[in-house]
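Listed below are the residues making up each chain.
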Amino acid sequence: MSFINYSSREINCKIVYYGPGLCGKTTNLQYIYEKTNPTAKGKLISLATETDRTLFFDFLPLDLGTVRGFKTRFHLYTVPGQVFYDASRKLILKGVDGVVYVADSQEARMDANAESLQNLVSNLQDHGFDLKTIPYVLQLNKRDLPTAVPLEEMLKTLRYKDEPYYEAVAPKGIGVFDTLKACAKQVLLELSKK
Amino acid sequence: MGASDLIMYEEEFQKIKEIISKLRVDANANVVFLVDKNGQQIAATGDIESLDTTSLASLTAGNVAATDGLAKLIGEREFSVLFHEGEKDNIHISIVGGKVILVVIFDERSSLGLVRLRVKRGSDDLGKVFQQILEKTERERASGKSTFESPFAEITDEDIDALFKD
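Presented here is an overview of the structure given in this document. Please read these numbers as outputs of a predicted model, since none were measured by experiment.

Rules of the game
Residues numbered from 1 in each chain as written. Chains lettered and ligands numbered in written order. Predicted model: local features only at pLDDT ≥ 70, side-chain atom pairs only at ≥ 80, totals over all residues. Heavy atoms only, no water. Helix = DSSP H or I, 4+ residues; strand = E, 2+ residues; numbered from the N terminus. Contact = heavy atoms within 4.5 Å. Areas by Shrake-Rupley, 256 points an atom, 1.4 Å probe, with all protein chains shown as cover. Lys, Arg positive; Asp, Glu negative; His and termini not counted. Charge placed at Lys NZ, Arg CZ, Asp CG, Glu CD. Phe/Tyr/Trp six-rings, centres within 6.5 Å; stacked < 30°, edge-to-face > 60°. Buried < 20%, exposed > 50% of the residue type's maximum accessible area, 1.4 Å probe, protein only. Lys NZ or Arg CZ within 6 Å of the ring centre and 35° of its normal. Buried area = accessible area lost by both parts, 1.4 Å probe. Salt bridge = Lys/Arg side-chain N within 4 Å of Asp/Glu carboxyl O. Axes fitted to C-alpha atoms, helices over the stretch in contact; angles between N-to-C directions. Parallel < 35°, antiparallel > 145°, perpendicular 65-115°, else oblique. Left-handed = near helix turned anticlockwise from the far one by under 90°. Patch = residues over 30% accessible without salt bridge, like charges linked within 9 Å, V, L, I, M, F, W, Y side chains within 5 Å. Core = buried A, V, L, I, M, F, W, Y, C linked by side-chain atoms within 4.5 Å.

Turning our eyes to something else, we now look at the overall build of chain B. Secondary structure assignment for chain B yields 4 helices and 6 strands. From first element to last, N terminus to C terminus, chain B shows the α and β order β-α-β-β-α-β-β-β-α-α. Counting only C-alpha atoms and orienting by the principal axes, one finds that chain B spans roughly 50 × 40 × 35 Å. Restricting the contact set of chain B to residue pairs at least 6 apart, pairs at least 24 apart contribute 53%. Of the accessible surface of chain B, which amounts to about 8,800 Å², a share of 50% is contributed by carbon and sulfur atoms. Looking at chain B, you have 20 positive and 30 negative side-chain charges, and the mean spots of the two groups are 9 Å apart.

This is the structure we're talking about:
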């Protein structure tokens, strides 16, 4: 649910990074935070456990500049990936405008990927959203690992519709901004249809 | 997702700012701000220069969402008031009209009793304004035309690429 303020000429949109535990959602946000001009970003907030696992969410506000005189601000959130945090995960999807699904390319995580994607579909449904129609991008992360599953196989298992997909190595930033840009683009185009 | 978008118009925005400014003075509070349930800040007044209001908004919404989850687990519809007491500063959080979160930050110059009393009155006024906004948005949707040209109606790929140019 975007928030358009005609008085202050601002538009705020919410993008959520989803995916199984340890797939690199927080790493995506950390890279974006590091590489963004300090004037364009707010604080990166991480509600994490003592062992740096996401407990509730990470949050990064990002000012992208102006479109047609409107300040465009994206709020990026991650969800906790671990299976037992489902109640928290569902809360974060509230009012989402676009979703980035971060998949872990390691063979051993393929079941977790599929399960988490199914979980995304059902949690979105609970909020009245349909993954078929909501702005959505698939990121295949950890492509540099020797155990990475071939691209075609991953797409066969995880591609949900004709969503754009990007191969990524999040700590090095490969594919990180491409993914964000593709999602932001769909969110803005969606707004133009209204 | 279109039906639930929150659109703020100039007239109502001014009214909201007036109400929260008055609430801040009446409650003797440091800061009053409004957030939607998704964590977007709607308006803020008071000593906000030293505050990271964007983070505050997001964490407040997370807090309310988590508390809502707790309420449902024990069979309550919602907990309409949350209060956090600190050594010097306190935060009073309440839900207005089931949709918007009203946050009041105050210190020893005020009291919980006073804040609660003033928040109640302020909430009624805010509730009316948000009802107006809702009706206005519905009317415009029903009539199929907006009094405001959507800034995104003719957005192009170039516009979007320009946003990501560093």
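Counted by the stated rule, this structure contains 8 aromatic pairs over all chains. Seen in terms of ring centroids, Phe83(B) and Phe106(B) are 6.1 Å apart; in terms of plane orientation they differ by 15°. Their pairing is stacked. Placement of the pair is Phe83(B) in strand β4 (residues 81-85) and Phe106(B) in strand β6 (residues 100-106), with a sequence separation of 23 residues. With relative accessibility at 2%, the residue Phe106(B) sits in the buried group. Joined through ring pairs, the aromatic side chains of Phe56(A), Phe57(A), Phe59(A) and Tyr77(A) make up one cluster. The ring centre of Tyr77(A) lies 4.7 Å from the NZ or CZ of Lys14(A), which sits over that ring. Positioned above the aromatic ring of Tyr160(A), the side-chain terminus of Lys132(A) is 4.3 Å from the ring centre.

With that settled, consider the interface of chain A and chain B. With 43 residues of chain A at the interface, the matching set in chain B holds 42 residues. Summing both sides of the interface, chain A and chain B together bury roughly 4,000 Å²; the carbon and sulfur share of this comes to 65%. Of all residues in chain A, Met1(A), Phe3(A) and Tyr6(A) give up the largest surface area on contact with chain B, accounting jointly for 19% of the area buried on that side. Seen at the junction of chain A and chain B, the total is 1 salt bridge. A salt bridge links Lys43(A) to Asp52(B), with the shortest nitrogen-to-oxygen separation between them at 3.8 Å. Of all the elements in the fold, those that place two or more residues in the side of chain A that touches chain B are β1 (3-5), β2 (10-18), β3 (45-48), β4 (54-67), β5 (70-78) and α5 (176-192) of chain A. The greatest single-element share of the side of chain A that touches chain B, amounting to 9 residues, is contributed by α5(A).

Moving on, we get to the packing of helix α3 (residues 110-126) of chain A against helix α4 (residues 151-158) of chain A. Residue and element names in this part refer to chain A. With their axes 10 Å apart at the nearest point, α3 and α4 run at an angle of 30° to one another. Regarding the angle of α3 to α4, the classification is roughly parallel. Every pair of crossing elements has a handedness; the one defined by α3 and α4 is right-handed. In this structure, α3 contributes Met110, Asn113, Ala114 and Leu117 to the contact, and α4 contributes Met154, Thr157 and Leu158.

Here we come to a nonpolar patch on the surface. Residue and element names in this part refer to chain B. Together, Leu70, Leu73, Ile74 and Phe79 make up a nonpolar patch on the protein surface, roughly 440 Å² of accessible area in all. Summarising the element assignment, Ile74 is placed in the loop between α2 (53-73) and β4. Take Ile74: its relative accessible area is 61%, and that puts it in the exposed class.

In this section: the nonpolar core. In terms of nonpolar packing, the biggest core is built from 36 residues, with Ile15(A), Tyr17(A), Phe74(A) and Leu76(A) touching the most fellow members. When residues of this core are traced back to their parent elements, those giving at least two are β2, α1 (25-35), β4, β5, β6 (98-104) and α5 of chain A together with α4 (157-163) of chain B. Ranked by residue count, the leading element in this core is α5(A), at 8 residues. Membership of the second largest hydrophobic core comes to 30 residues, among which are Tyr18(A), Ile45(A), Ile92(A) and Tyr136(A).

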